[in-house]
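Spelled out, the chains give:
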Amino acid sequence: MRHRHHALSITPLLFAALAGCPAPEAGETGTETATQATTDETTGAASFPTTTTTEPPPTTSEGTTDGTTTDPGEDTDTGEPAEDVDLDPWRDAIMYFVFVDRFANGDPGNDAPIGAPVDAEADYLGGDWKGITDKIEEGYFTDLGVDVLWLSVPMDNPSKGHPDLEMVHYYSGYHSYWPEHLDQPEEHFGTMEEFKALVDAAHAKGLRVVLDYAMNHVYIDSPVYTDHPEWFWPLDQDYGGETKECLCGHACSWDEPTERKRCWFTPYLPDFDFTNPEARKFSIDNALWWITETGIDGYRLDALKHIEDEWILEFRERVEQEVEPQTKAHFYTVGETFTGDKALLKYYVDPGKMLDGQFDFPMRMAIAATVLRRQRTEEGVVKPTFDAGARPVPDRQRGLLRAGPDEQLPRQP
């Protein structure tokens, strides 16, 4: 079925950074591509192999173990999940990514765009939980054959904007990756009661709900940072007697094993130091609070390679002890590890101990190179390189397309 209006099609396989389109008016809906939650050569969705938790070989700044890029065509699956973890309800589920601010506007009363100097297309554009609930109850997702809704980070973000590093465009936190008040909902999305109503409506239709959860950092004005700066890595860090401003992709690497767990994504996003047990407990407590408060069924855990393993291990252990005995169901976790290193992807996949699956970025790069960029060798084989800091198209073009008839959407050359 073809829809007149749609948002930028995006799947867990193709997810790389911010994505989505301006929210349609009430009564209209942005469509996004649904994908299988199993890793295979066709869908490239999350896999459920059993692996050990032995630390993988160190990676280079290119994200590989030997200075070369990995072959994106290789199979990343290494076996079946542990017998005591029931992943059957998830194995063939269709997961639909709903980018909340750009999906459907159910309550114009909470729109409240920030305004100048934020670019109009990078401001809040009205999508909210009420709009999603309306579409659930209308049977929109049921008619699509969807099983799972994956929703944007729900936490409160700052009501201010920031420029990009080139000082060209100003952005708001419409993407919700600047968490400020970790125990409050984003007011542009709605109230906690409205979010709970969304989850209840989804469950009534036989849909499960996975929340995006960002635990690597907080916004610089967050009370947890101002009250406990010792729980965070300092921006200026000492490396062998040399002090440098440790921004990811600048003075510090996105991929070097030590720096990637200490670098700040931007100067206004302090990076949690999860070697600190108090910081780790605070963060995991918050993650568990959102589960028990809302009744969600799983997490998409953001930026895994940038946090300590202890966070993941302790989170899974506490979920098994505090959540699953109450729900009588496995709480699903899928990771976002932006890398071309398949060994690093597999390292985190261990149902019952770490993650149930990962998004397959090597497959994503192969599809992007072949289908979108038409890159082939004379033999017709594509082996694209992978750069974790690379931006193949400008953010403005990749993530800020305006919803409308297909023929009006800009096309990449």
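Residues numbered from 1 in each chain as written. Predicted model: local features only at pLDDT ≥ 70, side-chain atom pairs only at ≥ 80, totals over all residues. Heavy atoms only, no water.

**Examining the overall build of the chain**
Condition: Here a helix means four or more residues in a row that DSSP labels H or I, a strand means two or more in a row labelled E, and each is numbered from the N terminus. Throughout, exposure labels follow a simple rule: accessible area from a 1.4 Å probe, protein chains only, divided by the maximum for the residue type, with under 20% read as buried, over 50% as exposed, and the rest as partly exposed. Accessible areas in this description were obtained via Shrake-Rupley with a 1.4 Å probe; residue shielding takes into account the shown protein chains only.
Helices and strands together make up the secondary structure of the chain, namely ten helices and 13 strands. Every one of the 413 residues in the chain was classed for burial, and the buried ones make up 57%. Accessible surface, the chain: about 17,200 Å² in total, of which carbon and sulfur atoms supply 50%.

**Focus on the state of the cysteines**
For clarity, the cut-off: Working definition: a disulfide is two cysteine sulfur atoms within 2.5 Å of each other.
All told, the structure shown has two disulfides when counted by the stated rule. Residue pairing for Cys246: its cysteine sulfur links by disulfide to Cys252, the two sulfurs lying 2.0 Å apart. Given an S-S torsion of about -115°, the disulfide between Cys246 and Cys252 has left-handed geometry. Residues Cys246 and Cys252 agree in their burial class; the two are buried. Sequence-ordered numbering of the disulfide-bonded cysteines in the chain gives the connectivity 1-3, 2-4.

**Regarding helix α4 (residues 192–204)**
Because an α-helix packs 3.6 residues into every turn, residues spaced three or four apart end up facing the same way. As a reminder, the rule being used: In this analysis, the expected span of each helix is defined as 1.5 Å times one less than the number of residues it contains. It only takes one pair of heavy atoms within 4.5 Å for two residues to be counted as in contact.
Across its 13 residues, α4 extends 18 Å between first and last C-alpha, which sits within 8% of the 18 Å expected from 1.5 Å per residue. Where α4 is concerned, the buried positions are Met192, Phe195, Leu198, Val199, Ala201 and Ala202. Looking at the packing, one finds that the buried side of α4 touches α2 (129–138), β3 (148–151), β7 (181–185), β8 (208–213) and α6 (277–294).

**Some thoughts on the pairing of strand β12 (residues 332–335)**
Note the cut-off: Between any two strands, at least two bridges found by DSSP are needed for them to pair. For a crossover, the right-handed case is the one in which the path from the first strand over the helix to the second runs clockwise, viewed with the strands pointing away from the viewer.
Residues Tyr332 and Val334 of β12 are buried on one face, and the alternating residues Thr333 and Gly335, pointing to the opposite face, are buried as well. Bridge count for strand β11 (residues 298–301) against β12 is four bridges, and the pairing is parallel. The residue bridging Arg300 from the neighbouring strand is Val334, located in β12. Viewed along the sheet, the connection from β12 through helix α8 (residues 342–347) into strand β13 (residues 357–358) turns out right-handed.

**With respect to the packing of α2 against α4**
Definition in use: To get an axis, a line is fitted to the C-alpha atoms, and for a helix only the part in contact is used. The angle between two axes follows their N-to-C directions and goes from 0 to 180 degrees. An angle counts as roughly parallel when it lies under 35 degrees, as roughly antiparallel when it exceeds 145, as roughly perpendicular when it falls between 65 and 115, and as oblique in every other case. The crossing is said to be left-handed when, going from far helix to near helix, the turn is anticlockwise and less than a right angle, and right-handed when the turn is clockwise. Basically, the charged four are Asp, Glu, Lys and Arg, the nonpolar ten are Ala, Val, Leu, Ile, Met, Phe, Trp, Tyr, Cys and Pro, and anything else, Gly included, counts as polar.
Contact pair α2 / α4: the axes reach a minimum separation of 9 Å and the direction vectors enclose 20°. Judged on the interaxial angle alone, α4 and α2 are roughly parallel. Note on packing geometry: the crossing formed by α2 with α4 is left-handed. For the pair formed by α2 and α4, the contact residues are Trp129, Ile132, Thr133, Ile136 and Glu137 on the first element and Glu194, Phe195, Ala197, Leu198, Ala201 and Ala202 on the second. Grouping the constituent residues of the contact of α2 with α4 by class yields eight nonpolar, one polar and two charged.

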